[in-house]
Amino acid sequence: MKEKEIGLLLPKQSTMHRFLVWILIILMSVALYLVFIWSPIEKVMGNVQKIFYFHVGSAWVAFLAFGVVFVYSILFLMKRKRSYDMIAGTSAEIGVLFTAIVLTTGPIWGRSAWNTWWTWEPRLTTTLILFFLYLAYIFIRRMDGAWEKKARLAAVFGIISFIDVPIVFMAIRWWNSKLHPIVFGDSPNQSGGGIEGEMLVTLLFCLGVITLLYIVLLQKGIYIEKTKLAVENYKKHIQEKLMK
Amino acid sequence: MRALIKAALAITWKDLYAEWKTKQVFSTMLIFSGLVIVTFSFAFDPTNNTVRAVIPGMIWVITIFAGILGLNRSFISEQYNDSLHGLIVSPIDPSSIYLGKFLSNFIIVLFVQMITIPLLFILFDYKMNGNLLLFLIVLFLGSVGFICVGTFLAALSANSRSSEMLLPIILFPVISPIVIAAVQSTRIILIQVEEIESLFSWISLMAGYDLLFFVFCFFLFEFILEV
């Protein structure tokens, strides 16, 4: 009980989290099996096409993560609870991570599919802008000053930057339809032909697994933030004790 | 509503008067724009005919780079003698501070544009043959969007000690839609007149952007200025 008095009460990882981690390990192995062994090899692209399952999954999780930032930024401005700020900050970091995965797997795919690492194709441009927007968000969180101020400013920026995303998408579509023809389908199912049934199953499975990965990472991130806070409080406590 | 506008105009007047007395920001922005034009003249040979293609981009690069210099100053200068706290505790709506700062920044950028764009045309020997009225509308809409977001984010970054470094990093991604739209529509007006029918969608995008971000910044501004 003494630890509670002095403020060093390290947060406990819930059993739910441990359970999810084990589930994730099992499902991730299944996903790897589905992607590399079970699903058929694509006729034109060959093995490179397998990158597609993780690429699409990461892109979806990035959007989900930024949506979570937006929702919790609004909630923070209304309720001013520190846990909301923690969720938004952690989610933004995970979102940047997954956007980075999208931006690295994309060119690898593009190199073999389009014979170039990078084109200023609308979807690529918007994803790059998204990446920079949330890097800027993290920069604001790394500012000096009290956490309330940083959390408030980051929340405001989280809202402002999220309304930018649909505008970027719309602008690029106008640009594309008026000046350039659409040359590339983003995925095999857009450029006609349709997607193989087994591929679709694998894709949906991968989407689910990567979403679970996001949830686990979010829980872990919040746990780390809470631990940091507890250690900070403990440091303050010791400093006060020494001053006396 | 009237009190809000009155307070905003008072802040605009104060800023412009202080600027008139020192001419510090305005002259810095002008000299900087001139240097950018000189650098461009090295990068793209002005006697070459293909240089026409880069003029629309140059107009906006000059506006945005010079604008950032002014935006950085607009809230930092309030921190001497703690004037920013004075503004916060004064009995006015926080949104009127935003409105006032927005107007003064906008007017300064407009003056800079009025000098630099003709200068650019003269130095690059470019004859304006597009529709002048449409060109002015595009300039206006683009600058409003840029300054509207820029003033807001300048206030945000003024909270940090390293605000000069922070502002460009957080500003460029957010204004990317308006920069894309402004450059595209300027290009259509000045060079590709045959694509004039697609101009309307770009202009409506800029108007929509201006409106949306102005409303959001106007209402979110009070969260930035809390002590």
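Since we're looking at a predicted model, the values are computed, not measured. (Residues numbered from 1 in each chain as written. Chains lettered and ligands numbered in written order. Predicted model: local features only at pLDDT ≥ 70, side-chain atom pairs only at ≥ 80, totals over all residues. Heavy atoms only, no water.)

Notes on the overall build of chain B
Alright, step 1. Regarding its fold elements, chain B presents 8 helices and 0 strands.
Alright, step 2. Going from the N terminus to the C terminus, chain B shows its helices and strands as α-α-α-α-α-α-α-α.
Alright, step 3. Here chain B has a C-alpha radius of gyration of 18 Å; the compact-globule value for 227 residues is 17 Å, and the two agree.
Alright, step 4. For the C-alpha atoms alone, the extent of chain B along its principal axes is close to 55 × 35 × 30 Å.
Alright, step 5. Per-residue burial over chain B gives 51% buried out of 227 residues.
Alright, step 6. Of the charged side chains in chain B, 11 are positive and 14 negative; the average position of the first set lies 9 Å away from that of the second. (Helix = DSSP H or I, 4+ residues; strand = E, 2+ residues; numbered from the N terminus. Rg over C-alpha atoms; globule rule 2.2 N^0.38 Å. Buried < 20%, exposed > 50% of the residue type's maximum accessible area, 1.4 Å probe, protein only. Lys, Arg positive; Asp, Glu negative; His and termini not counted. Charge placed at Lys NZ, Arg CZ, Asp CG, Glu CD.)

A short note on the overall build of chain A
Alright, step 1. When helices and strands are tallied, chain A shows 7 helices and 0 strands.
Alright, step 2. From first element to last, N terminus to C terminus, chain A shows the α and β order α-α-α-α-α-α-α.
Alright, step 3. Per-residue burial over chain A gives 43% buried out of 244 residues.
Alright, step 4. Within chain A, contacts between residues separated by at least 24 positions form 79% of all contacts whose residues are at least 6 apart in sequence.
Alright, step 5. Summing over all exposed atoms, chain A offers an accessible surface of approximately 13500 Å²; the carbon and sulfur share of this is 67%. (Contact = heavy atoms within 4.5 Å. Areas by Shrake-Rupley, 256 points an atom, 1.4 Å probe, with all protein chains shown as cover.)

A word on the nonpolar core
Alright, step 1. Among the nonpolar cores identified, the biggest contains 121 residues, and Phe157(A), Ile59(B), Phe152(B) and Leu153(B) are the most heavily contacted of them.
Alright, step 2. Once residues lying within four places of it in the same chain are set aside, the contact partners of Phe152(B) are Val156(A), Ile160(A), Tyr98(B), Cys217(B), Leu220(B), Phe221(B) and Ile224(B).
Alright, step 3. Judged by nonpolar contacts, the second largest core, of 16 residues, contains Leu20(A), Val35(A), Trp114(A) and Leu124(A). (Core = buried A, V, L, I, M, F, W, Y, C linked by side-chain atoms within 4.5 Å.)

Things to note about the interface of chain A and chain B
Alright, step 1. Counting residues at the interface gives 28 residues for chain A and 31 residues for chain B.
Alright, step 2. Overall, the association of chain A and chain B removes approximately 2800 Å² of surface from exposure, summing both partners, and the carbon and sulfur fraction of that is 77%.
Alright, step 3. Here chain A is connected to chain B by 1 salt bridge.
Alright, step 4. Across the pair Asp144(A) and Arg161(B) runs a salt bridge whose closest N-O atoms are separated by 3.7 Å.
Alright, step 5. Remark: the boundary between chain A and chain B carries 3 residue pairs in polar contact (both at pLDDT 80 or more).
Alright, step 6. Mapped by element, the contributors of at least two residues to the side of chain A that touches chain B are α5 (122–141) and α6 (147–179) of chain A.
Alright, step 7. The dominant element in the side of chain A that touches chain B, judged by the number of residues it contributes, is α6(A), at 18 residues. (Buried area = accessible area lost by both parts, 1.4 Å probe. Salt bridge = Lys/Arg side-chain N within 4 Å of Asp/Glu carboxyl O. Polar contact = N/O pair within 3.5 Å; in protein donor to acceptor, adjacent residues only side chain to side chain.)

Describing the confidence of the model for chain A
If pLDDT is low for a region, its predicted coordinates should not be looked at in detail.
Alright, step 1. Averaged over all residues, the pLDDT of chain A is 83; the fraction at 70 or higher stands at 85%.
Alright, step 2. Contacts of residues 177–193 of chain A to residues separated by more than four positions or lying in other chains number 19 contacts, the stretch itself having pLDDT below 50. (pLDDT = per-residue confidence, 0-100.)

Examining the pattern of salt bridges
Alright, step 1. One pass over the full model with this rule turns up 8 salt bridges over all chains.
Alright, step 2. Among the salt bridges present, the one from Asp85(A) reaches Arg141(A), with a minimum N-O distance of 3.1 Å. With a gap of 56 residues between them, Asp85(A) in helix α4 (residues 82–113) and Arg141(A) in helix α5 connect regions that are remote in the sequence.
Alright, step 3. We classify Asp85(A) as buried; its relative accessible area is 10%.
Alright, step 4. Taken together, the salt bridges that share partners define one network made up of Lys14(B), Asp15(B), Glu78(B) and Lys101(B).

Observations regarding the packing of helix α7 (residues 163–190) of chain B against helix α8 (residues 199–224) of chain B
Packed helices, taken two at a time, are described by the angle their axes make and the gap between the axes.
Residues and elements named next belong to chain B.
Alright, step 1. Viewed as axis vectors pointing N to C, α7 and α8 meet at an angle of 150 degrees, and their least axial separation amounts to 9 Å. As the angle between them shows, α7 and α8 are arranged roughly antiparallel. Viewed along their axes, α7 and α8 form a crossing whose handedness is left-handed. Residue-level inspection shows Val174, Ile175, Pro177, Ile178, Ile180, Ala181, Ala182, Gln184, Ser185, Ile188 and Ile189 of α7 in contact with α8, the latter providing Leu199, Trp202, Leu205, Met206, Tyr209, Asp210 and Phe213.
Alright, step 2. Its residues assigned to classes, the contact of α7 with α8 comprises 15 nonpolar, 2 polar and 1 charged. (Axes fitted to C-alpha atoms, helices over the stretch in contact; angles between N-to-C directions. Parallel < 35°, antiparallel > 145°, perpendicular 65-115°, else oblique. Left-handed = near helix turned anticlockwise from the far one by under 90°. Nonpolar A, V, L, I, M, F, W, Y, C, P; charged D, E, K, R; others polar.)

Focus: the environment of Phe75(B)
Residues and elements named next belong to chain B.
Alright, step 1. Structurally, Phe75 can be placed in helix α3 (residues 55–76).
Alright, step 2. Its relative accessible area of 1% is what places Phe75 among the buried residues.
Alright, step 3. Taking C-alpha positions, Phe75 is 28 Å from Gly57, a pair spaced 18 residues apart along the chain.
Alright, step 4. Discounting residues that sit within four places of it in the chain, Phe75 has contacts with Leu84, Lys101, Thr151, Ala154, Ala155, Ala158 and Phe221.

Here's the deal with the confidence of the model for chain B
Alright, step 1. Of all residues in chain B, 100% have pLDDT values of 70 or greater, and the mean over the chain is 89.
Alright, step 2. Of all secondary-structure elements in chain B, the lowest mean pLDDT belongs to helix α4 (residues 83–89) of chain B, at 87, while helix α6 (residues 132–157) of chain B reaches the highest, 94.

Digging into a nonpolar patch on the surface
Residue and element names in this part refer to chain A.
Alright, step 1. Taken together, Leu32, Tyr33, Phe36, Ile37, Trp38 and Val201 make up a surface patch of nonpolar side chains, about 610 Å² in accessible area.
Alright, step 2. Broken down by element, the nonpolar patch gets its largest block of residues, 5 residues, from helix α2 (residues 15–38).
Alright, step 3. Assessed through its relative accessible area of 59%, Ile37 is described here as exposed. (Patch = residues over 30% accessible without salt bridge, like charges linked within 9 Å, V, L, I, M, F, W, Y side chains within 5 Å.)

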